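# Observations on chain architecture
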Amino acid sequence: MAGVPDNAVTKSGWLRKNHKGCTFAKKNEMRYFVSSGFHVRYYRTESKTSECGKFDLRNVTNLKPASDPGVKSGLTFLIKGRSGALTVSFESEPAMEDVWKTL
């Protein structure tokens, strides 16, 4: 990723996310998440040809365990400049929880 230092923390993997601030029960989608430095992007496929969204970790104003009743293990991000919360679930890949909590 352009402008990212060589020593930047990079993580990637499949997570389930809510759709545009909806609850998980209403709509959720599997996305391939990639973090590099402060930047997190998510895609429809692991080939990263179709970006679905992105955010800068420096704009996260609140990070807390997911409170959505449809998520047993996950995080909710409140992001400056974005309406609605972004909730991700680790249920499909439990090993990813500790990885993503250390961003």
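Residues numbered from 1 in each chain as written. Predicted model: local features only at pLDDT ≥ 70, side-chain atom pairs only at ≥ 80, totals over all residues. Heavy atoms only, no water.

## Topic: the pattern of salt bridges
The final tally for this structure, using the stated rule, is four salt bridges. Residues K27 and E29 are paired through a salt bridge, measuring 3.9 Å at the closest nitrogen-oxygen approach. Its relative accessible area of 15% is what places E29 among the buried residues. The salt bridge partner of E51 is R41, with a shortest N-O separation of 3.1 Å. Of this pair, E51 sits in strand β4 (residues 51-56) while R41 sits in strand β3 (residues 39-43); the two residues are 10 residues apart in sequence, bridging distant segments of the chain. On the basis of relative accessible area, E51 is assigned to the partly exposed category, the value being 38%. Since its relative accessible area comes to 18%, R41 is described here as buried. The network of salt bridges with common partners includes K27, E29 and R31. (Salt bridge = Lys/Arg side-chain N within 4 Å of Asp/Glu carboxyl O. Buried < 20%, exposed > 50% of the residue type's maximum accessible area, 1.4 Å probe, protein only. Helix = DSSP H or I, 4+ residues; strand = E, 2+ residues; numbered from the N terminus.)

## Some remarks on the pairing of strand β6 (residues 74-79)
Within a regular beta strand, the side chains point alternately toward one face of the sheet and then the other, so they alternate between its two faces. Of all six residues making up β6, five are buried, and the element is well covered by its neighbours. Bridge analysis of strand β5 (residues 60-65) against β6 gives five bridges, and the strand direction is antiparallel. For L63, the partnering residue across the bridge sits in β6 and is F77. Where β6 and strand β7 (residues 86-89) come together, four bridges link them in antiparallel fashion. Counterpart to T76 in the pairing with β7 is T87. Taking the residues between adjacent antiparallel strands as the criterion, β6 and β7 are bridged by six residues, where G81 takes a positive phi near 85°. (Pairing = 2+ DSSP bridges.)

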